[in-house]
Amino acid sequence: MAKNLKSKKEIIIEGVVNGERVSSRQLEELIQDGVKKGARRMKINADGQHGIGGRIWPLDEKIEIVINGPSGQRTGSMGMFGTEIIVNGNSSDDTGWINCGANITVLGDVTNGAHNAGAQGKLYVQGGGGARCDTMTKLNPRFDPLQSWYFRDVGDSFAEFKAGGIAVVCGIDPRNTDNILGYRPCVGMVGGTIYFRGPVKGYSEVDVKQTELDDADWDWLTTNMKPYLEAIDRSSHLKKLTKSKDEWKKLIPYTHEDRKELAEKNKPHLSRFRVDSWDEAVGKGGIFGEYIVHEQTILPYITNDVDRRFKPIWSNDKYMAPCANACPSGIPTQERTSLIRQGCLKESLELVLDYSPFPGTVCGQICPNLCMDACTRGLYLDRPLDIKNLGALSLDLKAPKPAPPTGKKVAVIGGGPGGLSAAWQLAIKGHQVEVYEADEKLGGKMELCIPRDRLPVEVLKKELDRIKDVGIIVHLGNKVDKKSFEKIYKDHDTVILATGAHTPRVIPFEGHEDVVAGIEFLYDVNKEKATDLSDQEVIIIGAGNVGMDIACQAYANGAKKVTAIDIQAPASFGKEQELAEALGTEIVYPKFTERYDKNEKKIFFKDGSSMKADTVMVSIGELPELDYLTPDVNIENGLVEINQNKQTSDVKVFAIGDMTGAGLVTHAIGDGRKAAEVVNAMMMSYDYVPEVKASIPYGRIRTIYYEGERETGAVHDFSVDAEANRCLSCGTCRDCEICLYTCYQGAITRITKDDGGWEYVVDEAKCTGCGFCAGTCPCGVWEMVQNI
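My aim in this report is to walk through the structure given alongside it, one point at a time.

Parameters at a glance
Residues numbered from 1 in each chain as written. Predicted model: local features only at pLDDT ≥ 70, side-chain atom pairs only at ≥ 80, totals over all residues. Heavy atoms only, no water. Helix = DSSP H or I, 4+ residues; strand = E, 2+ residues; numbered from the N terminus. Contact = heavy atoms within 4.5 Å. 1 Å grid on protein atoms, 1.4 Å probe; cavity = no way out; pocket = protein on both sides within 12 Å on 5 of 7 lines; lining within 4 Å. Points joined across faces, edges and corners; volume = space filled by probe spheres on them. Nonpolar A, V, L, I, M, F, W, Y, C, P; charged D, E, K, R; others polar. Pairing = 2+ DSSP bridges. Axes fitted to C-alpha atoms, helices over the stretch in contact; angles between N-to-C directions. Buried < 20%, exposed > 50% of the residue type's maximum accessible area, 1.4 Å probe, protein only. Expected span 1.5 Å × (residues − 1). Bend = angle between axes of the 7 residues up to and from the residue. Polar contact = N/O pair within 3.5 Å; in protein donor to acceptor, adjacent residues only side chain to side chain.

Looking now at the side chain of Asp-217. Within the secondary structure, Asp-217 sits in helix H2 (residues 215-231). Asp-217 has contacts with Tyr-195, Glu-212 and Lys-250, leaving out every residue within four places of it along the chain.

Here it is as structure tokens:
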């Protein structure tokens, strides 16, 4: 709150109004507002507010600020020319911080950091200063130097890193009669002058020297002493303080020439120190003497060969690319794009069949493409690599020729994506594989419940035919029970369980008997047996991806309105949710179902609300049917229990896919490949050693090289070669030769291998371990390791 006095140019600003303290920001706004309205003298009744009197832009008239009461930190900070500040009492830390020209008078003591980083202006102190006063002060040759005057003494670390300005310490009635400049003053001081009167100890003799005052010093000191003492009401001491030049000393920093001379004089002789002191104290060669094999001479600043601390390693393919790491099937897209860039398109397309028999069906159609979500380019440059279309290109590939027969027999129970993935891998390795499928068609949920507009029949058929071409024996319409399982178990070397999860979960609310299982609705749609939903309002309990497929099919079967409800934020994402919402599906959450009244055609919720519902479907997941298994296979919480190798408690039986936990189709395919690798190793009598690679950190990829190729706009034309060139090749060498040309020592050589591949090798004798190769590699292939 501000009050006018007799003159419009004089106001009082209160730091406490109606018993409440005014904040520092509000007080500064009141001061600035007063200046704007013409006030030129202000009395501030402070209550510890910070920064009082600072940042008032210079005007034609002087601004005078008188502070009564406790003044907070940074009083007068960034004070400008034309501002006069008087503090009636002590002042807190950082008084005059970054002073830009204000004159500040403190009728008391200042605490720590007074005039810290000041450049212009004056600080008159009636008492003494705390620690680290006058540190990091500056010199601007366009203006008079900063002045800091202390009547008594100052605290520790005075004038630390001082670069300009004049400080005067009068030494009247000091707190420390033995040392008026405190502990370790002038450390790192490179500019300015300190005049002092009284004893001083322990100043930094490597930075400053103590000298007598010359006539010019004495003239300046005596001339400026009078206005200082008048300002702090201590004029009675003028005669005493100006009686004799001999009572005063000054500290000034060494000049550049002084420092050069001192450095040369005190230059350490390391070789003599090692021989005369170090070896004598700890033994020849030091504590590691017995391990040192090279000559014990002082190493040059730049070393090579065994003397390097670090050395570069060409770690090509040591790490997984983020896309491959995110793909549950483990497909290494960076290797596929590398082959394309080398002109090996056929080999690139065939590579994906080593990981999945469904590149067109899954990668190219139904997969949410987690690989694209993890793509470095998509996260840090523009759009991700179009891996979806790369997958679709492999649709028309022929099946590879299987290896010679091994005589081993494997049974796969379940002809869905997981089971067919395992069967594919094992058949290619030469094993006899039999697939037992309960339905009349192969494909599992891909065939049974994924809508045809998301997965065209002809795409799935092509890939199922290719799987059959590797010699897999298929038994359709063959639902395995306990008796047939025992026979299958007996007739085969290994059994892989892949029957999925098809029994719908239910919520036992009142009326749940009248609810339709969403998964069964999808089965009926694909078998062209689905119920007509014309003009109906449909409620789907569960807003996951399957729930979104159900919503789309409900609209296709005539539904007027579809609402998906859930107890939490929907788990659906990607194309499934986009398609459902485009058709008009509304997603509502959180909703907890209380009951469903079929006759009233209403569903009621625990929050008291209700919705019209001609038909209610539930889609909260499915459970596997496991009643055909023997007691030797452990079951936990309705799922088959497995180890990290997909092996059950029966060493001959493996389990994959939704039988072991819910997942995407691509998870089941990855499970099938993993199980096939372990089964193959077990039947062929060698130890299974999984390939373990960490994902390369995004920070290792130098995206700056591709900034000029940044794409804009959402629409793009797909081109195989263009996409291959867009790939950042994370963790896999692009053969760009940047390392070759950035190595100043010429220590890197490119070697072409017999198989057409390449590698980069380092000449240890030339390499200095500078790290330029690692710092410039676009793909993060080079890395620096300790040279041990």
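What follows deals with the layout of surface pockets. Empty pockets left among the atoms are what a rolling probe the size of a water molecule brings to light. Quantified by volume, the second largest pocket comes out at close to 660 Å³. Forming the boundary of the second largest pocket are 26 residues, of which Met-320, Gly-330, Tyr-355, Arg-673 and Glu-691 lie nearest the centre. For the lining of the second largest pocket, the elements supplying multiple residues, two or more each, are helix H6 (322-326), helix H7 (333-341) and helix H20 (665-683). The residue inventory of the lining of the second largest pocket, partitioned by class, reads 12 nonpolar, 6 polar and 8 charged.

Quick look at the sheet that holds strand S26 (residues 602-605) now. With antiparallel pairing, the 3 strands of this open sheet are ordered in space as S25-S26-S27. Edge positions in the open sheet fall to strand S25 (593-597) and strand S27 (610-612), since each of these has one partner strand only. Adjacent strand axes in the sheet meet at a mean angle of 15 degrees when their direction is disregarded. Pairing analysis gives 4 bridges linking S25 to S26, with the strands arranged antiparallel. The residue bridging Tyr-596 from the neighbouring strand is Ile-603, located in S26.

Below, the discussion takes up the pairing of strand S2 (residues 10-14). Counting buried residues in S2 gives 4 out of 5 residues, a clear majority hidden from the surface. Bridge analysis of S2 against strand S5 (residues 41-45) gives 5 bridges, and the strand direction is parallel. When the bridges of S5 are listed, Glu-10 appears paired with Arg-41.

Our next topic: H2. Between its terminal C-alpha atoms H2 stretches 25 Å, which fits the 24 Å expected from 17 residues at 1.5 Å a residue. Roughly 30 degrees is the biggest bend found in H2, and it falls at Met-225, with proline Pro-227 one to four residues downstream. Residues of H2 that are buried include every one of Asp-217, Trp-218, Leu-221, Asn-224, Met-225, Tyr-228 and Leu-229, and no others. Where H2 starts, the residue carrying a side-chain oxygen 3.1 Å from the main-chain nitrogen of Ala-216 turns out to be Asp-214. Remark: Asp-233 follows H2 within two positions and exhibits a positive phi of approximately 65 degrees.

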